[in-house]
Amino acid sequence: REEAHRSFAHVMKTGGTWNELLTARYGIVDRQLAQYYAMPGPAGAGFEKVDWPTGRRGGLLTLGAFLATHGKPSGSSPVHRGAVIRARVLCQPTPPPPPNVDATPPPEQAGRTTRERFAAHSNSPNCSGCHSMIDPLGFAFEHFDGVGQERSMDNGLPVDATGTLIATTPADVTFDGARALSEAI
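A brief report on the enclosed structure follows.

What counts as what
Residues numbered from 1 in each chain as written. Predicted model: local features only at pLDDT ≥ 70, side-chain atom pairs only at ≥ 80, totals over all residues. Heavy atoms only, no water. Phe/Tyr/Trp six-rings, centres within 6.5 Å; stacked < 30°, edge-to-face > 60°. Helix = DSSP H or I, 4+ residues; strand = E, 2+ residues; numbered from the N terminus. Buried < 20%, exposed > 50% of the residue type's maximum accessible area, 1.4 Å probe, protein only. Lys NZ or Arg CZ within 6 Å of the ring centre and 35° of its normal. Salt bridge = Lys/Arg side-chain N within 4 Å of Asp/Glu carboxyl O.

**Here we look at the packing of aromatic side chains**
- A complete count under the given rule lists three aromatic pairs for this structure.
- Aromatic pair F66 and F141: ring centres 5.9 Å apart, planes at 45 degrees, arrangement tilted. You can see F66 sitting in helix α4 (residues 64-69) and its partner F141 sitting in the loop between α8 (128-139) and β3 (153-154), a full 75 residues away along the chain. Residue F66 shares its accessibility class with F141, and that shared class is buried.
- Taken together, the aromatic side chains of Y36, Y37 and W52 make up a single cluster linked through ring pairs.
- A cation over a ring is seen here: K49 above Y26, with NZ or CZ 4.4 Å from the ring centre.

**Considerations on the pattern of salt bridges**
- Throughout the structure, instances matching the rule amount to six salt bridges.
- Note that E142 and R151 form a salt bridge whose closest N and O atoms lie 2.9 Å from each other.
- We classify E142 as buried; its relative accessible area is 2%.
- We note a salt bridge from R151 to D154, for which the minimum N-O separation is 3.4 Å.
- With a relative accessible area of 17%, R151 lands in the buried category.

Pasting the structure below:
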């Protein structure tokens, strides 16, 4: 939480913009967070601004604080992450699932990625209306596990973090990964 607060405060104090908050190529970390991110730590004992190493991080939505809060230790929780982005960032909340729909996440299956397991949402008439708006946003974060660690593989298969941001103006935007989604927003 401290990281998120300090990152937000840094952007505001330096006259930064909403765009910088979402796409910053730096983080405000201490030694413990640097270890979490598997990067060199700051020189001092406190929090310092450090550039993200080449990778998929950039901005508020790729901070461990956001990813861990909106993921689960057992999985990346793309539906939850996507719903949070749609509701809290784009100000377009979706309704809860209909009472006759089983909203239990599909179980892990050998040889299938998280994205593949959740594909049924897109094929169900009861679910596709909302899930077409939230699932692609959540899949953007598939390069991060449930606690926010970077990954390129999911269940032994390459991660697919592509999607399309729909129902926004002026037009739909395709993206590949969380940083590209943040830039699109």
